[in-house]
Amino acid sequence: MSLPSRNSLRRWSLLATLLLLPACYKPGRFVWVDDYREPQTQQQDDSYLIRRGDVLNVNVWNQRDISSRLRVRDDGRISLPLLNDVDAAGMTPAALARAMEQKLKDLVANPVVTVIVDEAQPIKIAVLGEVRNPGKKLLDSGSGPLQALSEAGGFTDYARDDAIYVLRKEPGYATPVRIRFTYEALTRSEGSAPTFRLKTGDVMVVE
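Just so it is clear, the structure is predicted and the values come from calculations on it, not from any experiment.

Draft legend 1. Looking closely at the overall build of the chain. Scanning the chain for helices and strands turns up four helices and 11 strands. Within the chain, the proportion of its 207 residues that are buried is 36%. Look at the contacts in the chain between residues 6 or more apart in sequence, and 54% of them connect residues 24 or more apart. Counting only carbon and sulfur atoms, one obtains 51% of the accessible surface of the chain, whose full area is about 13300 Å².

Draft legend 2. Focus on the sheet that holds strand β3 (residues 68-71). Taken together, the three strands give an open sheet; going across it, the order is β3-β2-β6, and neighbouring strands pair in antiparallel fashion. A strand with exactly one partner marks an edge of an open sheet, and here the two such strands are β3 and β6 (113-119). Taken over all neighbouring pairs, the strand axes of this sheet differ in orientation by 25° on average, direction set aside. Of the pairings in the sheet, the one linking strand β2 (residues 55-60) to β3 comprises four bridges and is antiparallel in character. Opposite V55, over in β3, you have R71 as the bridge partner. Set on the sheet, helix α2 (residues 93-104) makes contact with β2 and β6; between it and β6 the angle comes to about 140°.

Draft legend 3. Region of the structure containing the sheet that holds strand β10 (residues 177-181). An order of β1-β10-β9-β11-β7-β8 is seen for the six strands of this open sheet, with the pairing classed as mixed. Two strands bound the open sheet, and with one partner strand each, they are β1 (31-32) and β8 (135-139).

Draft legend 4. Representation of the environment of V203 in the model. Positionally, V203 belongs in strand β11 (residues 203-206). With a relative accessible area of 24%, V203 lands in the partly exposed category. Placed 68 residues apart in sequence, V203 and G135 show a C-alpha to C-alpha distance of 9.8 Å. Once residues lying within four places of it in the same chain are set aside, the contact partners of V203 are A126, L128, Y165, V166 and L167.

Draft legend 5. Just the pairing of strand β9 (residues 164-168), in detail. Counted residue by residue, β9 has four buried out of five residues, so it is predominantly covered. Note: β9 against β10, five bridges, orientation antiparallel. From the neighbouring strand, R168 faces β10, where its bridge partner is V177. Here four bridges tie β9 to β11, and the two strands are oriented antiparallel to one another. Paired with V166 across the strands is M204, a residue of β11.

Draft legend 6. The confidence of the model for the chain, seen in detail. Overall, the predicted model of the chain reaches an average pLDDT of 85, with 83% of residues at or above 70. Note that pLDDT drops below 50 for residues 14-25; the model gives that stretch five contacts with residues more than four away or on any other chain. Residue range residues 41-45 is modelled with pLDDT below 50. Its contacts to residues more than four positions away, or to other chains, number seven contacts.

Draft legend 7. Fine view of the pattern of salt bridges. Summed over the entire model, instances satisfying the criterion amount to 14 salt bridges. Two residues, D118 and R69, come together in a salt bridge whose shortest N-O distance is 3.0 Å. Linking D118 in strand β6 with R69 in strand β3, this pair joins segments that are 49 residues apart in sequence. Note on D118: relative accessible area 36%, which makes it partly exposed.

What counts as what
Residues numbered from 1 in each chain as written. Predicted model: local features only at pLDDT ≥ 70, side-chain atom pairs only at ≥ 80, totals over all residues. Heavy atoms only, no water. Helix = DSSP H or I, 4+ residues; strand = E, 2+ residues; numbered from the N terminus. Buried < 20%, exposed > 50% of the residue type's maximum accessible area, 1.4 Å probe, protein only. Contact = heavy atoms within 4.5 Å. Areas by Shrake-Rupley, 256 points an atom, 1.4 Å probe, with all protein chains shown as cover. Pairing = 2+ DSSP bridges. Axes fitted to C-alpha atoms, helices over the stretch in contact; angles between N-to-C directions. pLDDT = per-residue confidence, 0-100. Salt bridge = Lys/Arg side-chain N within 4 Å of Asp/Glu carboxyl O.

Written as C-alpha cells, this is what we have:
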C-alpha cells in the first residue's frame, strides 16, 4: 500500500485547520450592546452633541434682537448679540440653552432659551473588515450600524454576522471600547441594537 504524498498531507492539514478555526475563534474583550452604558457625562436629557458646522436656531423668549440662526464655527463657538462668543461644540442643545440662560441673567429678566439643531453635519465613521466596500463613510445624523453596513455594500462571503463591532473612544479609557452586535439583533425590534446610534469617530469592524 502506497503512503500519502507530502502534498496530500499538506492539503489534509490545511483542511483540518480550516475546520477547526470556528471552534478556536476568540474575539477578545468586548461588551455586548445590550450591556453597554455610555459614560455618565453623556447621559443627558438630549443625546445629540452639537458639532462644528451645525446650524443652530437659538431663540431667546421675547428677545427677537438676540435670537439668531447661525452656524457653529470651526473653533466650536457661536456669536450672539450681548454674549459674544459662546462654546457650543460638544454640548447638547439643552445644555447649551441652560448655559446661555446663565450668561443672560444679568442682561435679560428671566431669560428662557431654546436651541434647535436646524442642520446637522454628517457623521464621519470608518467601516472595516469583511464588507464589500470598506473605508470612510459619511452618514446622516442618527444613523446606526445597519445604515453603515448598507453604505459599505453589505457583507462579504467570509463575514461573521455575529461578530460586528463598533470601536468607540471614550474619556478615561486608553483604548477604544469594543461594542459587539449580531446582525439578527440589529434587525429585531427589541433590545439596544436597533436603537444604537453611531457617532463621529466610531470605527465599525466586521470580522
